[in-house]
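Notes for the structure review
Chain by chain, the residues run as shown.
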Amino acid sequence: MSRQMTGAEMVVTALEDQGVDTIFGYPGGAVLPIYDALFGHQSVKHVLVRHEQGAGHAAEGYARSSGKVGVLLVTSGPGATNAVTALTDALLDSIPLVCITGQVPTHLIGSDAFQECDTTGITRHCTKHNYLVRRVEDLPRILHEAFWVASHGRPGPVVIDIPKDVQFATGTYVGPQNIVHKTYQPRVKGEMDRIRHAVALMAAAKRPVFYTGGGVINAGPEASALLRELVGLTNFPITSTLMGLGSYPASGENWLGMLGMHGTYEANHAMHDCDLMIAVGARFDDRITGRLDAFSPGSTKIHIDIDPSSINKVVKVDLGIVGDCAFVLEDMVRLWRSEGHGADRAALAEWWGRIDGWRKRNSLGFANSTSVIKPQHAIRRLHELTKDRDTYITTEVGQHQMWAAQHYGFEKPNRWMTSGGLGTMGYGLPAAIGVQMAHPDALVIDVAGEASILMNMQEMSTALQYRLPVKIFILNNSYMGMVRQWQELLHGSRYSESYSEALPDFVKLAEAYGGVGIRCEDPAELDAAILRMIDTPKAVIFDCVVEREENCFPMIPSGKAHNEMLLPTGIDDWGAPDLGAVIDEKGKMLV
Amino acid sequence: MNALTPAPASPPSPYSSALVTSKAESHTLSVLVDNEPGVLARVVGLFSGRGYNIESLTVAEVAHADHQSRITILTSGTPEAIEQIRHQLERLVPVHRVTDLTAQGNFVERELAMVKVRGRGENRMEALRLSEAFRGRVVDATTESFTFELTGAPSKIDHFVELMRPVGLVEVSRTGVAAISRGPDGM
Ligand SMILES: Cc1ncc(C[n+]2csc(CCOP(=O)(O)OP(=O)(O)O)c2C)c(N)n1
Ligand SMILES: [Mg+2]
């Protein structure tokens with residue numbers, strides 16, 4: 001099927017052919033021809049954001065909750081530079097995006113023309129790949145290639161920079177069926193010998209643990225189903241990174257909770273003391289490993305990852321398996337069954353006994369209060385009151401994000417959207433908009449901090465325009481809480497610039513946008529207020545006023561090992577840790 | 001060019017202290033890429049962005065019909081870092097293949113240099129004699145100068161340049177290293 005059309009029409013036709021139903025964008029001079037081609041278009045719906053960063057995060061939320069590629073369309077110069085944070089966010093969290101940017105006409109490139117910037121130069125380091133399209137003949141191939149590259153192998157953002165004259169030029173459109181990428185052909189099936197070896201190691205393990213990550217989510221719902229099956233077959237304990245929450249249900253018996261800097265006592269101790277670690281789609285990030293030379297010192301390590309460069313990047317592993325998690329897990333399940341493997345039951349029973357001992361420390365415990373809302377309690381109530389609905393959670397970045405990860409029990413994959421690798425404040429609201437576009441009837445909640453939410457507050461206007469009933473649930477502690485906590489730990493409680501001064505009245509702010517505002521300060525009224533939020537068929541800002549100086553525990557201080565955690569206080573007799581003394585000079589250098 | 005100056009040794013991070021165990025070695029990598037705009041910037045940017053060293057880099061199109069270029073990179077790092085560099089290069093979308101020639105064992109390495117020397121009388125004659133000993137060719141001459149063309153392993157060129165210093169070295173232009181494996185097989 002080849003037809004004559006303009007470059008701008010090719011863009012829209014390619015979106016249609018790629019099955020894209022929604023794009024997020026913001027117009028400007030250098031993309032006017034594409035906006036013209038979109039005018040009155042039936043199958044591709046355009047969502048007008050209020051800032052291009054918002055378009056990027058919305059596309060991320062859309063992608064991560066639907067498993068599809070997220071698409072954004074922005075103009076040249078400031079449109080492109082505004083999108084850079086979201087592109088970087090998608091790169092670090094392996095989210096498939098296609099970002100179309102307008103560019104000044106080819107004959108003006110390099111002349112410092114109005115709204116010209118070197119978009120491919122700027123985004124080279126924050127995209128998986130990028131293209132500057134100089135000829136309309138190349139455009140159809142590049143458009144389809146971009147979708148292929150974004151979604152195959154380890155997913156990531158791809159930029160297509162299209163000069164305005166190329167958008168106007170006429171050429172021959174070619175459909176996606178004719179596009180085969182000549183160099184980019186990532187391996188999806190794992191090597192059978194290695195998988196067999198892995199299964200043998202698992203059968204012999206005495207203290208095994210699954211350590212899973214965002215790769216399982218990216219490998220699709222089948223990967224999560226296979227993971228559950230494998231955990232069920234082996235009865236091994238399982239923990240997950242922030243990005244992997246939901247691939248194994250939080251209510252599952254073998255669930256240890258999240259691991260890492262704010263992970264549970266049992267998850268981190270199991271990682272430290274295991275004899276076999278099975279890493280699936282996780283990348284040994286520094287939030288996970290803590291001090292590297294003390295990271296799980298006695299274990300044999302298996303690492304399954306689609307990106308060969310992830311294997312042995314930070315932690316040397318004994319057995320690397322390159323492949324898509326879903327394919328590898330499928331082979332593992334099949335081999336485990338067909339070769340009649342069984343776990344070492346006696347050893348496993350002893351291992352579970354130790355784990356139960358760690359669980360008894362109740363590391364997510366906190367001292368609740370009847371006079372002030374504790375943030376952990378607020379998340380637990382939110383979970384309780386929303387868990388039987390079709391709920392999706394996004395977050396901003398800070399303590400509230402960690403509390404949501406710790407206390408909201410995720411049962412399914414693709415329900416949890418958070419900025420893990422880049423830690424981008426301002427991610428949650430636009431991401432929630434993207435999620436709501438993909439799931440119009442679902443309950444979508446952005447768990448926010450009062451500081452973070454102000455970073456992309458303008459997207460409230462987008463939510464109202466498209467009648468998206470997203471809920472912004474602010475844990476308002478009047479502080480950049482995570483910054484304040486670090487200042488308490490590292491800088492002698494000198495709270496330099498971390499107090500949220502001159503906050504807006506969030507209730508009035510919601511109303512000013514045409515939404516609904518709810519404030520709650522009394523623990524006794526919390527449930528009713530949350531229910532009111534859920535039942536409001538409109539965008540809501542919920543100002544949940546919480547304990548100001550609550551710290552997020554457990555915590556592995558920077559530069560410390562998994563078995564050197566700080567635990568919560570006030571619920572047991574552990575005594576308050578001497579916060580100033582827990583981090584040494586070397587640790588203070590870290591972030 | 002910035003990317004060609006070796007990155008200063010950064011203080012070891014407490015996060016990565018477990019990895020700095022082995023000693024740095026020099027490796028020659030051959031990288032076959034699609035010759036599309038920006039491909040060199042991608043490769044060079046990868047090295048600067050991730051803090052790897054480039055000691056030498058050459059690039060030229062080797063298959064015009066397929067628009068493929070071959071990049072030869074001389075880099076140094078621990079064996080773990082070299083493995084990481086190879087994987088990171090393979091991850092770039094326009095990269096077809098990466099071969100670590102040093103790890104493969106047997107390969108030939110050549111560099112071309114042009115060396116300009118200024119002097120009169122005995123110095124001038126000495127420069128000419130030395131260049132003959134190194135199988136250099138005279139590509140330009142005036143009554144008070146010679147420009148020699150020299151091909152060989154980088155160490156041979158280094159050596160020659162040192163010898164030219166006392167007899168009137170003016171400047172040197174080097175191509176960087178081109179390398180290919182020995183034996184009948186391609187990369
Ligand atoms: C864009 C951006 N700037 C700065 C930071 C550093 N930072 C991390 S958490 C945080 C404070 C967040 O405060 P708030 O949104 O109120 O959340 P809380 O920690 O209080 O729950 C800051 C400033 C960041 N992560 N992102
Ligand atoms: Mg706060």
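These numbers come from a predicted model, not from an experiment.

Once that is clear, we can look at the overall build of chain B. Within chain B, the regular secondary structure consists of 5 helices and 8 strands. Helices and strands appear in chain B in the N-to-C order β-α-β-β-α-β-α-β-α-β-β-α-β. Buried residues in chain B amount to 43% of all 187 residues. For chain B, restricting intrachain contacts to residue pairs at least 6 apart in sequence, the fraction spanning at least 24 positions comes to 73%. If you sum the accessible surface of chain B, you get close to 9800 Å²; carbon and sulfur atoms cover 53% of it.

A few words on the overall build of chain A. Broken down by element type, chain A carries 23 helices and 20 strands. Here chain A has a C-alpha radius of gyration of 24 Å; the compact-globule value for 591 residues is 25 Å, and the two agree. For chain A, the C-alpha atoms occupy an extent of roughly 75 × 60 × 45 Å along the three principal directions. A total of 591 residues make up chain A; the buried ones form 62% of that total. Contacts in chain A between residues at least 24 apart in sequence constitute 76% of all its contacts with a sequence separation of at least 6. Surface summary for chain A: the accessible area is close to 21400 Å², and the carbon and sulfur share equals 50%.

All names here are of chain A. Here Glu 547 shows up in the loop between strand S20 (540-545) and helix H22 (579-582). With 172 residues separating them in the primary sequence, Glu 547 and Pro 375 have C-alpha atoms 6.8 Å apart. If near-sequence neighbours (up to four positions away) are discounted, Glu 547 is found in contact with Val 372, Ile 373, Lys 374, Pro 375 and Asn 477. Within the structure, the side chain of Glu 547 is placed 3.0 Å from the side chain of Lys 374, a separation counted as a polar contact.

Right, let's get into the coordination of the magnesium ion (ligand 2). All names here are of chain A. At 2.1 to 2.7 Å from the magnesium ion (ligand 2) lie its protein donor atoms, namely Glu 450 (OE), Glu 450 (OE), Asn 477 (OD1) and Tyr 479 (O). With 6 donor atoms in place around the magnesium ion (ligand 2) and angles of 52 to 174° between them, the coordination shape is irregular. We note that the donor set of the magnesium ion (ligand 2) lies within a single chain, spaced as E-x26-N-x1-Y. Placement of the pair is Glu 450 in the loop between strand S17 (443-449) and helix H18 (459-465) and Tyr 479 in the loop between strand S18 (471-476) and helix H19 (481-490), with a sequence separation of 29 residues. On the accessibility criterion, Glu 450 (1% relative accessible area) is buried.

We now examine the site of ligand 1. All names here are of chain A. Taken together, 17 residues form the shell around ligand 1, and within it Gln 399, His 400, Gly 423, Ser 452 and Gly 481 come nearest. At 2.8 Å from an oxygen atom of ligand 1 is found a main-chain nitrogen or oxygen belonging to Gln 399. Here an oxygen atom of ligand 1 and a backbone polar atom of Tyr 479 are 2.8 Å apart. Those elements that place two or more of their residues in the shell around ligand 1 are helix H16 (399-407) and H19. Per element, the largest residue contribution to the shell around ligand 1 is 3 residues, and it comes from H19. A breakdown of the residues in the shell around ligand 1 according to their chemical character gives 8 nonpolar, 8 polar and 1 charged.

A separate point is the domain arrangement of chain B. Residue and element names in this part refer to chain B. Domain assignment breaks chain B into domain 1 (23-104) and domain 2 (107-181). Averaged C-alpha coordinates put domain 1 and domain 2 at centres separated by 28 Å. Between domain 1 and domain 2, the residue contacts involve 11 residues of the former and 9 residues of the latter. Of the roughly 660 Å² buried between domain 1 and domain 2, counting both surfaces, carbon and sulfur atoms make up 58%. For the pair domain 1 and domain 2, the interface holds 0 salt bridges. Linking domain 1 to domain 2 there are 4 residue pairs in polar contact (both at pLDDT 80 or more). When residues of the side of domain 1 that touches domain 2 are traced back to their parent elements, those giving at least two are strand S1 (25-34), strand S2 (56-63), strand S3 (68-77) and helix H3 (101-104). Looking at side-chain class alone, the side of domain 1 that touches domain 2 contains 3 nonpolar, 7 polar and 1 charged residues.

Here we come to the interface of chain A and chain B. Listed as interface residues are 30 residues of chain A and, on the opposing side, 22 residues of chain B. In total, chain A and chain B occlude about 2300 Å² of area from one another, counting both sides; carbon and sulfur atoms represent 60% of this. Among the residues chain A hides against chain B, the three largest losses belong to Arg 124, His 129 and Thr 183 of chain A. Together they make up 23% of the total. Summed over the shared surface of chain A and chain B, the result is 2 salt bridges.

So, about the domain arrangement of chain A. Residue and element names in this part refer to chain A. Looking at chain A, the domain boundaries give domain 1 (3-178), domain 2 (192-359) and domain 3 (375-545). Computed from C-alpha coordinates alone, the two centres of domain 1 and domain 3 are separated by 30 Å. Taken together, the contact between domain 1 and domain 3 spans 24 residues of the former and 27 residues of the latter. On the domain 1 side of the interface with domain 3, the three residues burying the most area are Arg 50, Arg 64 and Ser 65, jointly 29% of the side's total.

A word on the sheet that holds strand S4 (residues 70-74) of chain A. All names here are of chain A. Strand order in this open sheet of 6 strands is S3-S2-S4-S5-S7-S6, and the pairing throughout is parallel. Single-partner strands in this sheet number two, and they are strand S3 (45-48) and strand S6 (129-132). Taken pair by pair, the neighbouring strands of this sheet meet at an average axis angle of 20°, ignoring direction. The sheet contact formed by S6 and strand S7 (residues 157-163) spans 4 bridges and is parallel. The residue of S7 that forms the bridge with His 129 is Val 158.

All right, on to the nonpolar core then. All names here are of chain A. Ranked by internal contacts, the top residues of the largest apolar core, which has 101 residues, are Met 202, Phe 210, Tyr 211, Met 332, Phe 473, Phe 542 and Cys 544. By residue number, the principal contributor to this core is helix H13 (residues 325-338), which donates 8 residues. Counting only domains with at least three residues in this core, you end up with domain 2 (192-359) and domain 3 (375-545). In this view, Met 332 contacts Ile 195, Ala 198, Val 199, Met 202, Leu 230 and Ile 304; residues no more than four positions away in its chain are not counted.

With that settled, the discussion passes to the packing of aromatic side chains. By the definition in use, this model includes 16 aromatic pairs over all chains. Note on Tyr 211 of chain A and Phe 284 of chain A: the rings are 5.2 Å apart at their centroids and 75° apart in plane angle, and the pair reads as edge-to-face. Pair noted here: Tyr 211 of chain A is in strand S9 (residues 208-212) and Phe 284 of chain A is in the loop between strand S12 (276-280) and helix H12 (286-289), with a separation of 73 residues, a long-range link. Accessibility assignment for this pair places Tyr 211 of chain A and Phe 284 of chain A in one class, buried. The side chain of Arg 484 of chain A reaches across the aromatic face of Tyr 479 of chain A, ending 5.7 Å from its centre. Over the ring of Phe 146 of chain B we find Arg 124 of chain B; its NZ or CZ atom is 4.4 Å from the centre of that ring.

Conventions we followed
- All residue numbers here refer to positions counted from 1 along the written sequence of the relevant chain.
- Following the order in which they are written, the chains are lettered starting with A and the ligands numbered starting with 1.
- Only residues with pLDDT of at least 70 get local features here, since the model is predicted, and only at 80 or more are side-chain atom pairs given and counted; chain-wide, interface and lining totals rely on the full set of residues.
- Values shown for side chains rest on all heavy atoms present in the structure; no hydrogens or waters enter the calculation.
- Every helix listed is a DSSP run of H or I at least four residues long, and every strand listed is a run of E at least two residues long, numbered separately from the N terminus.
- Categorising residues by exposure relies on relative accessible area from a 1.4 Å probe, with only protein chains included: less than 20% of the type maximum marks a residue as buried, more than 50% marks it as exposed, and the intermediate range marks it as partly exposed.
- We call two residues contacting when some pair of their heavy atoms lies within 4.5 Å.
- To measure how exposed things are, a 1.4 Å probe is used in the Shrake-Rupley method; for residues, cover is taken only from the protein chains shown.
- Throughout, radius of gyration means the C-alpha value; the globule benchmark is 2.2 Å times the number of residues raised to the power 0.38.
- In protein, a polar contact means a hydrogen-donor-capable atom and an acceptor-capable atom, both N or O and within 3.5 Å, with residues adjacent in sequence counting only if both atoms are side-chain atoms; elsewhere, any N or O pair within 3.5 Å suffices.
- The donor set comprises N, O and S atoms within 2.8 Å of the metal, extended to 3.2 Å for Na, K and Ca; water molecules are omitted, so apparent gaps in a site may simply reflect that omission.
- Working rule for geometry: tetrahedral if four donors all subtend angles between 85 and 135 degrees; square planar for four, octahedral for six, if opposite donors exceed 155 degrees and the others stay between 65 and 115; irregular in every other situation.
- For each residue, the test is whether any non-hydrogen atom lies within 4 Å of the molecule or strand; if one does, the residue is near.
- Gly is placed with the polar residues, together with every amino acid not listed as nonpolar (Ala, Val, Leu, Ile, Met, Phe, Trp, Tyr, Cys and Pro) or charged (Asp, Glu, Lys and Arg).
- Segmentation into domains, and thus their bounds, comes from an automatic or database assignment.
- Buried surface area refers to the total accessible area, computed with a probe of radius 1.4 Å, that the two partners give up upon joining, counted for both partners together.
- Between Lys or Arg on one side and Asp or Glu on the other, a salt bridge is scored when a side-chain nitrogen of the former is within 4 Å of a carboxyl oxygen of the latter.
- Here a strand pair is declared whenever DSSP counts at least two bridges between the two strands.
- Angles run from 0 to 180 degrees between N-to-C directions of axes, and those axes are lines fitted to C-alpha atoms, restricted for helices to the stretch in contact.
- Each nonpolar core is a collection of buried residues, namely Ala, Val, Leu, Ile, Met, Phe, Trp, Tyr and Cys, held together in the definition by side-chain atoms within 4.5 Å.
- Any two rings among Phe, Tyr and Trp, with Trp reduced to its six-membered ring, count as a pair given centres within 6.5 Å; such a pair is stacked if its planes are under 30 degrees apart, edge-to-face if over 60, and tilted if neither.
- Only Lys NZ and Arg CZ are tested; either one counts as a charge over a ring when it is within 6 Å of the ring centre and within 35 degrees of the ring normal.

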